[in-house]
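This is what each chain is made of:
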Amino acid sequence: MNRGRIGAIARWEYLQKVRSKGFIISLLLTPLIVILSTVLPAYFADQPPDSTVAIGVIDRTGLYFNELKQSVEANDKLPDGNPAYLLANYLPGSRPYDSALALADRDALAGKIEGVILLWDSAGTPRVDYRSISPNNVRVINNFGRSIRKLITGRRLMAAGIDTALYSRISKDIDVEPVKISKSGKAESTGFLQTFFTAYACCFLLMFLVLTTGQSLVRSLVEEKTNRIMELLIGNCTPQELMWGKLIGLSGLGLTQMVIWVILGLGFATSFATQGAGVIASLKGVYAILPLMLTYIFLGYIFYAALFIGIGSLVTNEQEAQVTTSVLTMALVLPIFVALGVIQNPEMPYLKILTYIPLFTPSMMMIRAVTKMPSVGEIIGSIGVMVLATSLVVWAAGKIFRVAILLYGKRPSFREIIRWLRTE
Amino acid sequence: MISIEHLDKQFASVHAVNDISLQAQRGEIFGLLGPNGAGKSTTIRMINNIIRPDSGTILYDGLPFSDSIRNRIGYLPEERGLYQKARILETIVYFARLKNLSNAEARKRAEMWLLRFNLAGSERRRVEELSKGNQQKVQIIIALIHEPDYLILDEPASGLDPVNQETLRDIVDEQRAAGRTILYSTHQMELAERLCNRIALINRGKVVLSGTVDQVRDGHAGNVVRVEFQGDGSFLRTLPQVLDADMDANYAELRLLPDVSINDLLPHLIDRIRISKIERVRPSLKSIFIDTVATVEREEKMLEAERRPKSGPYNNDRFREGAR
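Residues numbered from 1 in each chain as written. Chains lettered and ligands numbered in written order. Predicted model: local features only at pLDDT ≥ 70, side-chain atom pairs only at ≥ 80, totals over all residues.

(A) Quick look at the overall build of chain B. A tally of helices and strands in chain B yields eleven helices and 13 strands. Taking the principal axes of its C-alpha atoms as reference, chain B extends roughly 70 × 50 × 35 Å. Counting the 324 residues in chain B, one finds 35% classified as buried. A separation threshold of at least 6 residues defines the contact pool for chain B, and within that pool the share at least 24 residues apart is 70%. (Helix = DSSP H or I, 4+ residues; strand = E, 2+ residues; numbered from the N terminus. Buried ≥ 20, exposed ≤ 12 C-beta atoms within 10 Å, placed from the backbone. Contact = placed C-beta atoms within 7 Å.)

(B) Spatial organisation of the overall build of chain A. When you go through chain A residue by residue, the secondary structure sums to 16 helices and six strands. When the 424 residues of chain A are sorted by exposure, 31% land in the buried category. Nonlocal contacts in chain A, meaning residues at least 24 apart in sequence, comprise 75% of its contacts between residues at least 6 apart.

(C) Highlighting unusual backbone geometry. Residues and elements named next belong to chain B. Here the phi dihedral of His6 falls at roughly 45°; this positive angle occurs in a residue that is not glycine. Relative to the helices and strands, His6 is located in strand S1 (residues 2-10). On the basis of neighbour count, His6 is assigned to the exposed category, with 12 C-beta atoms found within 10 Å. In the Ramachandran plot, Glu155 falls in the positive-phi region, its phi being about 50° despite a non-glycine side chain. Tracing the backbone through its elements, the reader meets Glu155 in the loop between strand S6 (150-154) and helix H6 (162-177). By the C-beta count within 10 Å, which is 18 here, Glu155 ends up partly exposed.

(D) Summary view of the sheet that holds strand S12 (residues 251-256) of chain B. All names here are of chain B. Spatial ordering of the open sheet is given by S11-S12-S10-S13, a layout of four strands whose pairing is antiparallel. Two strands in the sheet have a free side with no partner beyond their single neighbour: strand S11 (242-247) and strand S13 (274-280). On average, each strand axis in the sheet is tilted by 25° relative to the strand beside it, whichever way the strands run. When S11 meets S12, the two strands line up antiparallel, connected through five bridges. Looking across to S12, one finds that Ala245 is bridged to Leu254. Of the strands in this sheet, strand S10 (224-230), S12 and S13 touch helix H9 (residues 262-269), which is tilted by about 165° from S13. (Pairing = 2+ DSSP bridges. Axes fitted to C-alpha atoms, helices over the stretch in contact; angles between N-to-C directions.)

(E) Representation of the environment of Ser21 of chain B. All names here are of chain B. Mapping Ser21 onto the fold places it in strand S2 (residues 15-24). Judged by local crowding, Ser21 falls into the partly exposed class, with 14 C-beta atoms found within 10 Å. A C-alpha to C-alpha distance of 5.1 Å links Ser21 and His6, two positions 15 residues apart in sequence. Look past the residues within four positions of Ser21 in its chain and what remains in contact with it is Ile4, Glu5 and His6.

(F) Examining the sheet that holds strand S4 (residues 55-60) of chain B more closely. Residue and element names in this part refer to chain B. If you trace the three strands from one edge of the open sheet to the other, you get S2-S1-S4, paired in antiparallel fashion. Looking along the sheet, the strands with just one partner apiece sit at the ends: S2 and S4. Direction aside, the axes of adjacent strands within the sheet are offset by 15° on average. Pairing between S1 and S4: five bridges, direction antiparallel. Paired with Ile4 across the two strands is Ile58, which belongs to S4. The strands that helix H1 (residues 40-47) touches are S1, S2 and S4; relative to S1, the one it contacts most, it runs at about 115°.

(G) Representation of the packing of helix H15 (residues 376-404) of chain A against helix H16 (residues 414-422) of chain A within the structure. Residue and element names in this part refer to chain A. Relative orientation of the contacting elements H15 and H16 amounts to 110°, with a least axis distance of 9 Å. The angle between H15 and H16 places the two elements in the roughly perpendicular class. Taken as a pair, H15 and H16 cross one another with a handedness that is right-handed. Between H15, through Ala396, Lys399, Ile400 and Val403, and H16, the contact on the second element is made entirely by Ile417, Trp420 and Leu421. Broken down by class, the residue content of the contact of H15 with H16 amounts to six nonpolar, no polar and one charged. (Parallel < 35°, antiparallel > 145°, perpendicular 65-115°, else oblique. Left-handed = near helix turned anticlockwise from the far one by under 90°. Nonpolar A, V, L, I, M, F, W, Y, C, P; charged D, E, K, R; others polar.)

(H) Representation of the pairing of S1 of chain B in the model. As paired strands, S1 of chain B and S2 of chain B are joined by seven bridges and run antiparallel to one another. The partner of Leu7 of chain B across the bridge, within S2 of chain B, is Ile20 of chain B.

(I) Spatial organisation of helix H14 (residues 361-371) of chain A. With eleven of its eleven residues buried, H14 of chain A lies for the most part within the structure. Considered for burial, the residues of H14 of chain A that qualify are Thr361, Pro362, Ser363, Met364, Met365, Met366, Ile367, Arg368, Ala369, Val370 and Thr371 of chain A.

(J) Focus on the confidence of the model for chain A. For chain A, the average pLDDT comes to 81, and 87% of its residues sit at 70 or higher. Element-level pLDDT for chain A is lowest in strand S6 (residues 187-189) of chain A, with a mean of 52, against a maximum mean of 93 in helix H1 (residues 3-18) of chain A. (pLDDT = per-residue confidence, 0-100.)

(K) Highlighting the packing of helix H11 (residues 290-312) of chain A against H14 of chain A. All names here are of chain A. The N-to-C vectors of H11 and H14 enclose an angle of 170°; their axes lie 9 Å apart at closest approach. With respect to their mutual orientation, H11 and H14 come out roughly antiparallel. For the pair H11 and H14, the contacting residues are Leu292, Met293, Tyr296, Ile297, Leu299 and Gly300 in the first and Pro362, Met365, Met366 and Ala369 in the second. Along the lines of polarity and charge, the residues of the contact of H11 with H14 split into nine nonpolar, one polar and no charged.

(L) Just the environment of Ser326 of chain A, in detail. Relative to the assigned elements, Ser326 of chain A resides in helix H12 (residues 318-344). Through-space distance from the C-alpha of Ser326 of chain A to that of Gln215 of chain A is 9.4 Å; in sequence the pair is 111 residues apart.

(M) Structural detail: the confidence of the model for chain B. Residues and elements named next belong to chain B. In this model, chain B carries a mean pLDDT of 88, and residues with pLDDT of at least 70 account for 95%. For chain B, helix H11 (residues 317-322) is the element with the lowest average pLDDT, namely 39, and helix H3 (residues 88-98) is the one with the highest, namely 96. In the model, residues 310-324 has pLDDT below 50 throughout and makes 20 contacts with residues more than four positions away in sequence or in other chains. Note on the complex model: pTM 0.75, ipTM 0.80.

Structure (structure tokens):
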């Protein structure tokens, strides 16, 4: 193999793809979609309203309206100091319940009030309804729910003759703090969310790396076949040089995408103080096992890339390319779902078996490593399985690639492929 | 010099190349002729080390194929294409880099060649913006840019307009004069007749004719007369004196029985067509080509008909016996 040629091929593949519109669009669009679909809705749901909202109250018990009005209007303030909510009593003593309800519904439909809070009594148990055009407004329900609960509890305590301050002291919630014991003897606290995040981030890292590289690999092979570039290429370099050149160049492409996304992700996370702190803390937790994680990512990456090369070189048109990539993508995504079980119980036997199926090994081991570090024997065993499987796939992919890239029109039969593997 | 000895390649059901031997010398254009599926492209692929022969040797100035020889071959495949989205100059430079040329040198030479092919100013354009003929010029540049010792051109002229065909002819001739070994595969017999020093006609994986163009034509001289005429000449092929006829609208090449002269023939023509010229000629490569391929096929059919009751429908021996 000629290193100069491999370098030239790698450079060409990288530059051609990194400048293509498709790559640039997916580079920017994917993080945008992730942010739009996950982080932003949660963020906006937490934001205080920007103007005073009118809420109607129909208090059939006749017990709570005044207190509720006082506590809500005094406690929920807008940033400019005005109250966030104004409460209107729709059931003054003079009006019958039915017409109060009809009036409130009418006002809600006309947009005069955001909704109506209905307090009533069902066989001695207080009940609260919230009627609105948008009855699932989380902010309103949370705010009023909390205030009303407090009022009702206060009334009950008073009726039972219990001191409210004493009650709140003895009923204080107790949080359980998970602390992970590590070999160094230093106890570090760990949140479930952080563990979850770290392991998943590593699996997704591997998945996107494989996807970007694998898809562009298959696509470039299809282009070279359908445009009849292959004959010219193979006149100028050996199939092995072409294979390694492509692999190196397109891995660079996947890495470029990864680095840019990680930078964007960290930048985004740190600009949101509360979540950001968690992300940074979880990164610290991974630091110690980073070499192990990278080993699995590396092995998994080569394994999948070789699969893409071997199967991709058999593809002769765009449709087949799509089917191939989606099947391989499924094999990639599957362990991420299976891994959910690992987080809950890393010791389940069937999860241990899955660990030794090469398609799943990297993801399974990465998730097991952050939840409960597997024994040294298991680590060596799984790396051994991975090295063996990867060598086998790389060997077979090379053999298939050498012959298959010259087949333009027809797809080879399984028997033919077996024959290629046997020929020297 | 490229010398091929007893080259053999068998695919699952086809004996694509059957014991081919030939030698293309330095400073000559060697024409590789033959019908579609004759085994020309398979031979060319083996010369380029794209596929391996089952047996036989290919030597390049006495040496077997190696990585440095790969860099000294310039190849224009028949099945050819380019990256459609890539820019023209960078495409040429990429392939030149694969041939071990430095970036600067590749750029310099690419610009020179683009100028020669009237494509100057197109360096930054994308390949897909070029016409098919212009894309082909880019492919020819790719085959030539590293000044290869061995130039292998598979149907290089197909798709080019007459003006560019002339440019290509001049370039190929220059390359020959510069001492390159040129293998030129084509169906275009007139072109081969004018351009090639020596030829080999391949049919069904075997060399059925070879030598200099003159040798081949003399070897098939026979009793051939060329008639230029006006009128309906379709009766010519039915005359008892005529063995075989290559007919066109207003001329015909007639192969006559051995003892028939022009004088014997004239009385049969004089009343039926208006003759403007009649002469004894050597047959053209085209008529030799058609004649040879047709003869081989005729003989094969006869052999097969004789054999069918005794052996199976497929027998490799027929290739050996069917050839001249």
